[in-house]
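Close look at the chain arrangement
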There are 2 protein chains.
Amino acid sequence: MKKWLFFPLFVIAGVSAGAQQEDSVMIKRISDEILTHGKAYENLRHLTKKIGGRLAGSPGMVKAEQWGLKTMQESGADKAWLQECMVPHWVRGGKDEMWCSQIVSNKNPKMPDARLMRKDLDVIALGNSIGTGKAGIAAEVLLVNSFDELEAKKDLVKDKIVFYNYKFNDTYVQTFLAYRDAGQYRGQGPSRAAKYGAKAVIVRSMSHAADNNPHTGATRYDSAYAKIPAVAIGLRDADWLSEQAAKGTVKVSLKTNGHFLPDTIGHNVIGELKGSEFPDEIIVVGGHLDSWDNCEGAHDDGAGCVQTMEILRAFKAIGYTPKRTIRFVLFANEENGLRGGNKYAEEAKAKGEKHIFAIESDAGGFTPRSLGFTLPDDKFAKVLQWKPLIAPYGCTEFLKGGGGADIGPLARTQGTPTGSLNPDSQRYFDIHHARSDVFEAVNKRELELGAVNMAAIIYLIDKYGL
Amino acid sequence: MKKWLFFPLFVIAGVSAGAQQEDSVMIKRISDEILTHGKAYENLRHLTKKIGGRLAGSPGMVKAEQWGLKTMQESGADKAWLQECMVPHWVRGGKDEMWCSQIVSNKNPKMPDARLMRKDLDVIALGNSIGTGKAGIAAEVLLVNSFDELEAKKDLVKDKIVFYNYKFNDTYVQTFLAYRDAGQYRGQGPSRAAKYGAKAVIVRSMSHAADNNPHTGATRYDSAYAKIPAVAIGLRDADWLSEQAAKGTVKVSLKTNGHFLPDTIGHNVIGELKGSEFPDEIIVVGGHLDSWDNCEGAHDDGAGCVQTMEILRAFKAIGYTPKRTIRFVLFANEENGLRGGNKYAEEAKAKGEKHIFAIESDAGGFTPRSLGFTLPDDKFAKVLQWKPLIAPYGCTEFLKGGGGADIGPLARTQGTPTGSLNPDSQRYFDIHHARSDVFEAVNKRELELGAVNMAAIIYLIDKYGL
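Let me sum up the structure you'll find in this document. (Residues numbered from 1 in each chain as written. Chains lettered and ligands numbered in written order. Predicted model: local features only at pLDDT ≥ 70, side-chain atom pairs only at ≥ 80, totals over all residues.)

**What about the relation of the copies chain B and chain A?**
Put simply, the rule reads: In this comparison the copies share one frame, found by least squares on the C-alpha atoms of residues holding pLDDT of at least 70 in both. Working definition of a contact: two residues with C-beta atoms, positioned from the backbone, lying within 7 Å.
Overlaying chain B with chain A gives an RMSD of 0.0 Å, the required rotation being 180° about an axis along which the chain moves by 0.0 Å. Such a combination of turn and shift is consistent with a two-fold rotation axis. A high fraction, 100%, of the interface residues of chain B reappear at the interface in chain A, so the copies pair face to face through one surface.

**Side note on the interface of chain B and chain A**
What counts is decided by this rule: A run of H or I in DSSP counts as a helix once it spans at least four residues, and a run of E counts as a strand once it spans at least two, with each numbered from the N terminus. Note that Gly is not counted as nonpolar here; it falls among the polar residues with everything else outside the nonpolar set of Ala, Val, Leu, Ile, Met, Phe, Trp, Tyr, Cys and Pro and the charged set of Asp, Glu, Lys and Arg.
Taken together, the contacts link 34 residues of chain B with 34 residues of chain A. At the level of secondary structure, the elements contributing two or more residues to the side of chain B that touches chain A comprise α1 (17–37), β14 (368–374), β15 (397–400) and α13 (444–464) of chain B. Grouping the amino acids of the side of chain B that touches chain A by side-chain chemistry returns 10 nonpolar, 14 polar and 10 charged.

**Focus on the packing of helix α1 (residues 17–37) of chain A against helix α7 (residues 298–317) of chain A**
Residue and element names in this part refer to chain A. In plain terms, the rule: For every element, the axis is a line fit to its C-alpha atoms; helices are fit only across the contacting stretch, and the angle between N-to-C directions ranges from 0 to 180 degrees. If an angle is under 35 degrees, it is roughly parallel; if it is over 145, roughly antiparallel; if it lies from 65 to 115, roughly perpendicular; otherwise it is oblique. When the near helix sits turned anticlockwise from the far one by under a right angle, the crossing is termed left-handed; a clockwise turn instead gives a right-handed crossing.
Orientation of α1 relative to α7, taken along the N-to-C sense of each, is 115°, at an axis distance of 10 Å. Compared by their axis directions, α1 and α7 come out roughly perpendicular. In this structure, the crossing between α1 and α7 has a hand that is right-handed. Two secondary-structure elements touch here, α1 through Ile-30, Glu-33, Ile-34 and His-37 and α7 through Glu-310, Ala-314 and Ala-317. For the contact of α1 with α7, the residue count by class is 4 nonpolar, 1 polar and 2 charged.

**Let's talk about the pairing of strand β8 (residues 230–233) of chain B**
All names here are of chain B. The criterion, for reference: Exposed residues have 12 or fewer other C-beta atoms within 10 Å of their own C-beta, buried residues have 20 or more, and residues in between are partly exposed; the C-beta atoms are placed from the backbone. Strands are treated as partners if at least two bridges between them are detected by DSSP.
Here β8 shows two buried faces, one formed by Ala-230 and Ala-232 and the other by Val-231 and Ile-233. Note that strand β7 (residues 200–204) and β8 share 4 bridges and pair parallel. When the bridges of β8 are listed, Arg-204 appears paired with Ile-233.

**Considerations on the sheet that holds strand β15 (residues 397–400) of chain A**
Residue and element names in this part refer to chain A. Pairing within the open sheet is mixed, and its 8 strands lie in the order β1-β10-β12-β11-β13-β16-β14-β15. Edge strands, defined here as strands with exactly one partner in the open sheet, are β1 (79–91) and β15. For this sheet the average axis-to-axis angle between neighbouring strands, irrespective of direction, equals 20°. Pairing of strand β14 (residues 368–374) with β15 involves 4 bridges; the strand directions are parallel. Paired with Phe-373 across the bridge in β15 is Lys-400.

Any functional reading would require information beyond the geometric quantities listed.
This is the structure we're talking about:
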């Protein structure tokens, strides 16, 4: 099956055949270096297995920053440093617990179903959520399948625990669309239920996994309403709970301990290769170093971090000296604050730095499929000409629209053109923010190919400008 | 990230906008049906967990045929039947064993390294290979890294066990190229070593997995030379053995029991939807039902089988009546004989059946990336116009060149145009023909999307002809 050619024959307007050939050979060298001597996989093993979860403010994040700085230096940075920023410091505070404590059958309130019972459910508090207090909360469950249903039942909400059983939409081939769709229940669900007097909320996990792992992620309280505890449950438990709710009245008990400590110090980790011709033109490539506390943060976003440093290592290993300055950035606090991305953009602005392009890998370490770009049309047309050079390595599509949370502030405050690596998305929400986001879920070659594709586009933008 | 449009706007020459819209809607219906009510994953669970390995002639294959027939009927075939063919009946005959029994150091033949020792290596006999006999074979290892090196060392081969340590080439982004490259050592290695008097051969597994599982697969003896036993070892053991061989003289002991029993009866499993307008024009879709005995054959090729039956189920579920006859075929004996594929083509020819297209899924149940076609240029141009209709579901590329082992005989004997589903190939050779090819390695949505993409191209060829 000869599907991809390594030296594609095509014509790029304004670029000589010799330059094309040179670019093709250079990208093949980068790819060969990464696929045969890559350190990304072993670096990821260290980050996930020796350090593990690393939420902003946690000891894990402090260790990860030190490891990142050292690895950046070992990978060959001309200069590497920590960029300080204040970060929120949310802690889980203990084990999250939820159990079903009573089910009263509609059909026959005096039958055995009505007895006191305890069935534990697999639950995890949402990030940034408040705890229940030591006494916990016990209340009747009000199941709603959507916000529309919540509004229709608003008079029933008071003193209940609202269970948003909104299903992840399997019909979206692009799973990020399903995530954006369902994600609003995690983000807005607590405050929208609190508005009508709910005591707490449960959300169905944003996943189509076949397992029962609950998926966390940040929630956002609307200051207009009371803050109430919020948890997620896995899909099997969500199905079970909805079956019980259909039969009668269900009461659950909830104990969570989440709370904020005072803001603390965190750091972006930055490595740099100084440009030989245009040192003041900066290209950024990055991922985020923080992760949720309930997992190893392997795909989200250990993958993006080790890919970032792998590009640095590969450039040095093949002796490539960039014309422009390339910054390799491991951002702090993407998950619950974005303080790292904001800090980076703020300092860049204060120093009057000129960022010509920033690209982020934060969609998992899966097999690469496309590169996305947020660029003016003329620049997109320029980039699009390079597609035949990169397609043989996996990114067979160049799409309009690309960026990432951490480089968003650069785009917003300075109009920096942005891009993203888009790996295949089918497996991502099986493990996203769940305990199954571990090293073993990452495939070595898929991870490495992500680095290859980003290295290739950085090489071309470095060489030809943007 | 809005990357794929569900209703792409484009113009297909000669096809009205209304027809395009109708096709787009129909393909979306097929996709929604498969992604929300799909049975492929649960069918695969049954095939792998309740039946398991199913080499031609084995009890597993007999059970799989009966299950396949029943599932074909349950999926809604107008007619389903078993097509008998004689199949080879190779059996492993017991546990394969290999251990390193002596290492004599070059540097100091009298030092402790020279002592008798036993280190077991993880080994598996190659399919179709003969056994060592009960006494086993003990001989010195001759390591060669290539056939060139074998030829250069041909005078040293006599009475040795030749160890082909040829490395799977990591630099091929398309892993099937690395497989084709390294695969010749499994296929030709035994006879080429036997030519110079070797007693047995060991091949390095054709894989870039991070584990030590040995990978089997068929070997082929050249009748000009003696048949000698042949085994594969995993990558870690291959590295260890090559390190020892570099230090001195290594002797290994080998016990394998492979042998052929008389040919026996096997079956292709065939389901059919009769065409309403052109019943004599037949479209085939299939995978192969047999697998190696050392695994569950989940990706190879349980995936292709359950995808095939899923297309049938989905067509029936949405009430689609094909214009042409569609045959859903689970082929017998792809792994070590191809008797099923040959039989199907033979009978088609004998009956004067007209096959207008045949497509196969036999590259794993991973996320779909492209469809390949072996067609005359005018027909390829016709098919290429449909790409925008299918790309939103994963196959963003339509490539020249496509087919499969089982439909090869149809192409060769009757010139049938063929195609293949090409899923992402990065993970395939981690598990191919190894004990790790199990149900758990298959992702539900990736498997289903493979069925969606094949269903879409079959729908279009059925509607518009080829």
